[in-house]
Amino acid sequence: MRVIPHPSPNRDARMGGAALDMVILHYTGMETGEAALARLVDPSAAVSAHYLVEEDGRVFRLVDEAERAWHAGVSYWQGREVLNHHSIGIEIVNPGHEFGYRPFPEAQIAALLALLADIAARHAIRRDLYIGHSDVAPDRKTDPGELFPWEQLAAAGFGIVPEGESAVLADAGDIPADQLAACWHQLAEIGYRIDANDPYGKPADIVAAFQRHWRRGGVTGQIDRGTAAAIASVRDQIIRLKEAS
Ligand SMILES: [Zn+2]
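Residues numbered from 1 in each chain as written. Predicted model: local features only at pLDDT ≥ 70, side-chain atom pairs only at ≥ 80, totals over all residues.

1. So, the domain arrangement of the protein chain
Short version of the rule: Reported domain spans reflect what an automatic or database domain assignment gives. Distance between backbone-placed C-beta atoms decides contact: two residues are in contact if it is within 7 Å. Strands here are runs of E lasting at least two residues and helices are runs of H or I lasting at least four, both read from the DSSP assignment and numbered beginning at the N terminus.
Per the domain assignment, the segments making up the protein chain are domain 1 (4-155) and domain 2 (166-244). Spacing between the C-alpha centres of domain 1 and domain 2 amounts to 23 Å. Residue-level contacts link 17 residues of domain 1 with 17 residues of domain 2. Of all the elements in the fold, those that place two or more residues in the side of domain 1 that touches domain 2 are β7 (76-77) and α4 (133-136).

2. Quick look at helix α3 (residues 106-122)
Which entries qualify depends on this criterion: Expected span of a helix, by definition, is 1.5 Å for each gap between consecutive residues, and there is one gap fewer than residues. Residues with at least 20 neighbouring C-beta atoms inside 10 Å of their own are called buried, those with 12 or fewer are called exposed, and the rest are partly exposed, where every C-beta is derived from the backbone. Think of it as the arc spanned by the lines of direction from the helix axis to the C-beta atoms.
Across its 17 residues, α3 extends 25 Å between first and last C-alpha, which sits within 8% of the 24 Å expected from 1.5 Å per residue. Taken together, the buried positions of α3 are occupied by Q108, A111, L112, L115 and L116. Viewed along the axis of α3, the buried residues span an arc of 140 degrees, placing them on a single side of the element. Along α3, exposed side chains directed more than 90 degrees from the buried face belong to E106 and A121. Against the buried residues of α3 lie β3 (22-27), β4 (51-53), β5 (59-61) and β9 (87-92).

3. Points about unusual backbone geometry
Note that the residue after D143, namely P144, is joined by a cis bond; omega there is 5 degrees. As for its position among the elements, P144 is in the loop between α4 and α5 (150-155). Of note, the phi angle at A46 is positive, near 55 degrees, even though the residue is not glycine. Position of A46 among the secondary structure elements: in the loop between α1 (33-39) and β4.

4. Focus on helix α9 (residues 225-244)
Helix length check: α9, at 20 residues, gives a terminal C-alpha distance of 29 Å against a target of 28 Å (1.5 Å per residue), a fit within 8%. Taken together, the buried positions of α9 are G226, T227, A228, A229, A230, I231, V234, R235 and I238. The inward-facing, buried residues of α9 abut α6 (166-169), α7 (180-190) and α8 (203-214).

5. Re the packing of α7 against α9
Rules: In this analysis, axes come from line fits to C-alpha atoms, helices being fitted only over the stretch in contact, and the angle between any two N-to-C directions falls in the range 0 to 180 degrees. Here the angle decides the label: under 35 degrees means roughly parallel, over 145 means roughly antiparallel, 65 to 115 means roughly perpendicular, and every other value means oblique. For a crossing to be left-handed, the near helix must be turned anticlockwise from the far one by less than a right angle; the clockwise case is right-handed. Classification used: nonpolar for Ala, Val, Leu, Ile, Met, Phe, Trp, Tyr, Cys and Pro, charged for Asp, Glu, Lys and Arg, polar for all others including Gly.
Direction vectors running N to C along α7 and α9 enclose 40 degrees, while the axes themselves pass 9 Å from each other. Viewed along their axes, α7 and α9 adopt a mutual orientation that is oblique. Note on packing geometry: the crossing formed by α7 with α9 is left-handed. Packed against α7, whose contacting residues are C183, Q186, L187, E189 and I190, the element α9 presents A228, I231, A232, V234, R235, I238 and I239 at the interface. Along the lines of polarity and charge, the residues of the contact of α7 with α9 split into nine nonpolar, one polar and two charged.

6. Remarks on the sheet that holds β9
For sheets, the rule is that strands pair by backbone hydrogen bonds, running either parallel or antiparallel. Threshold: Strand pairing is defined by DSSP finding a minimum of two bridges between the two strands.
Here six strands make up an open sheet; going across it, the order is β1-β5-β4-β9-β3-β10 and the pairing mixed. Of all strands in the sheet, those bounded by a partner on one side alone are β1 (4-5) and β10 (130-132). With three bridges connecting them, β4 and β9 associate as parallel partners. The residue of β9 that forms the bridge with Y51 is I90. Of the strands in this sheet, β3, β4, β5 and β9 are in contact with α3, which crosses β4 at around 155 degrees.

Written out as structure tokens, the structure reads:
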């Protein structure tokens, strides 16, 4: 695929021996793609990503995959922290919740899928380890957000989506209070850091992060019946993928 070089100085070495085995997806959250591209190469901003995907489908390479880009910040997933060491970061141009969040154009998603196929040919990335910035930093981040078409990625083999009847997954009814503890246990098994005293997110932030990714029709921060069903399905798939790997 055609990638436009646009090198960023905001990079350093990956930790020795760190496995590169996950992809973290972001939106740029700025008014234009040009502004985002300028910021991601500005030394004073001290942020970057490996790739940026424009709305028209152009793909820019900012940091070589062998090096560490500075995209995830303070982060946690499945027992690991400082995820920049382990991940490829992709910025997807979108103004985001602050500047006019809008659907991701088809050309942009097609380019992203081609890029992911390219990355998957070079690195062994388990199917569930294509995740969002909000998953790994629920207290600070909402990107790529609930308009991001995770189902389209999953259909191409990148990431997973909840399995089950759509009526069950959409059920906004209350769940019995005694089932909540099981849901929190499953959220921890999925990968979220669940700890009331930690800096990674209040309970509502973590539930909202799960919903932005896996229950996009209802981002409430509350575990309802549909969210509980989605949590159980995502958890089961991740356990199976871990066992098979
Ligand atoms: Zn981000």
